[in-house]
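Survey of secondary and tertiary structure
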Amino acid sequence: MLDHAGFRSENEMLITIVAGARPNFMKISPIIKAINKARIGGISMDYRLVHTGQHFDQKMSGEFFAQLGIPEPNINLECGGGTQAEQTAAVMISFERELEANRPDVVIVVGDVTSTMACTITAKKLCVPVAHVEAGIRSGDMTMPEEINRIVTDSICDRFFTTTRKAGQLLQRTGVSDERIHFVGNTMIDTLYQNLDRLRQPVCWDLNGLREGEYFLLTLHRPANVDDRKTLVSFLTEAISGANDRKVIFPVHPRTRRTLELTGFNDERLVTIDPLGYLQFIYLLKHAAAVITDSGGITEEATVLGIPCMTLRDSTERPETVEIGTNELIGTNPRRLSVYFKELAEGNWKKGEIPELWDGHAAERIVDVLARIYLNNSAGNATATARNDH
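In this report, we go over the structure that sits alongside the text. (Residues numbered from 1 in each chain as written. Predicted model: local features only at pLDDT ≥ 70, side-chain atom pairs only at ≥ 80, totals over all residues. Heavy atoms only, no water.)

Take the packing of helix α1 (residues 22-40) against helix α16 (residues 362-374) next. Closest axis-to-axis distance for the α1/α16 pair is 8 Å, and the angle between their directions is 55 degrees. Comparing their axes, α16 and α1 come out oblique. Our pair here, α1 against α16, has a crossing hand that is right-handed. On α16, the residues touching Pro 30, Ile 31, Ala 34, Ile 35 and Ala 38 of α1 are Ala 363, Glu 364, Ile 366 and Val 367. (Axes fitted to C-alpha atoms, helices over the stretch in contact; angles between N-to-C directions. Helix = DSSP H or I, 4+ residues; strand = E, 2+ residues; numbered from the N terminus. Parallel < 35°, antiparallel > 145°, perpendicular 65-115°, else oblique. Left-handed = near helix turned anticlockwise from the far one by under 90°. Contact = heavy atoms within 4.5 Å.)

What follows is the structure, given as structure tokens:
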């Protein structure tokens, strides 16, 4: 462990964990818990948590940390704001200083946000190994900044922790050797399982007389769907029409709210609310008749919860949610929603199954792999104990 002066023992492994934005938080929480359990089990490892500050405000970040039991970061690089290029540069400059002051044995990056790519480049230039959690997923859509972040990160990192076998096969086709690919499952699903008995009913539940299975949940955040007023209104109109007399609950990102206010759109069946904490949002998702979304992560959570999901995108980097789960890829034409609302109303929505290894133990597998590689010592005993606790 790190002592009070910030030094660590000679044989202890230090992992730097990077979190940059809200989608990262659900993915790092179980990894931190797995490291702590491994340490209790006698594995000599510790971590340093770096928040790049790419997204940070109390409602959208601070509350997630508190609800998911994520400790205060060792450092917040405070690199929010600016263009894609400005933010990438700011993260790289600040993270370089962090690594020079606190050089780890390995850096863990998760997901596909700007910080994921920027910190990977920085660490590799300093010859620090990088492990990518959620490696190998692809949408095929190069207009998405996330797709570029995924490709760059996977082109130079050292270890690849995948959520599906298909992701590993894609990496193999790009020349990644088998021994560097580790199929471990999905850490975001670890977080889901760890918190199902802690969900909180949001304030909007009683205020709007909501009942289980009698409302729809809507999330929109991608620029192509929310920046143009006409497009946004079209999606809202079709969602409300498909819901008939049931309410549509729409947690609105501040950026989207500005566009929505400019449209002057109003319908009593549309309930707009502020962004929710993790426990409140999953409560709404778990009890919804269905979710309409353009998010990738929500399609995974809906699949595990067995909730019908309509994705307003032309492609997805998570095809398993369509092929195995409860998700359907609707496309970006709002009028197509009516077809899927009809299918749902007639009781013909597919049941779906949970993908392989989405069992709540992905983070334990990650820690076990890291211990074997960097400590030449399996964390199997510690992770077995953790699995028995689930």
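Resuming the write-up.
Time to look at helix α11 (residues 254-263). Among all positions of α11, only Thr 256, Thr 259 and Leu 260 are buried. When α11 is viewed along its axis, its buried side chains cluster within an angular range of 100 degrees and face the same direction. In α11, the exposed positions that point more than 90 degrees away from the buried face belong to Arg 258, Glu 261 and Leu 262. Where α11 is buried, its residues meet α9 (223-226), α10 (229-243), β9 (247-251) and β10 (270-273). Positive backbone phi, approximately 70 degrees, marks Gly 264, located one or two places after α11. (Buried < 20%, exposed > 50% of the residue type's maximum accessible area, 1.4 Å probe, protein only. Arc of directions from axis to C-beta.)

Here we take up helix α3 (residues 84-101). The end-to-end C-alpha distance of α3, which contains 18 residues, comes to 26 Å, matching closely the 26 Å that a straight helix rising 1.5 Å per residue would cover. Among all positions of α3, only Gln 87, Thr 88, Val 91, Ser 94, Phe 95, Glu 98 and Leu 99 are buried. Buried residues along α3 cover an arc of 150 degrees about the axis, so they all sit on one side. When the buried face of α3 is taken as reference, the exposed residues oriented beyond 90 degrees from it are Ala 85, Arg 97, Glu 100 and Ala 101. Packing partners of the buried residues in α3 comprise β1 (13-19), β2 (45-51), β3 (75-76), β4 (106-110) and α4 (114-125). (Expected span 1.5 Å × (residues − 1).)

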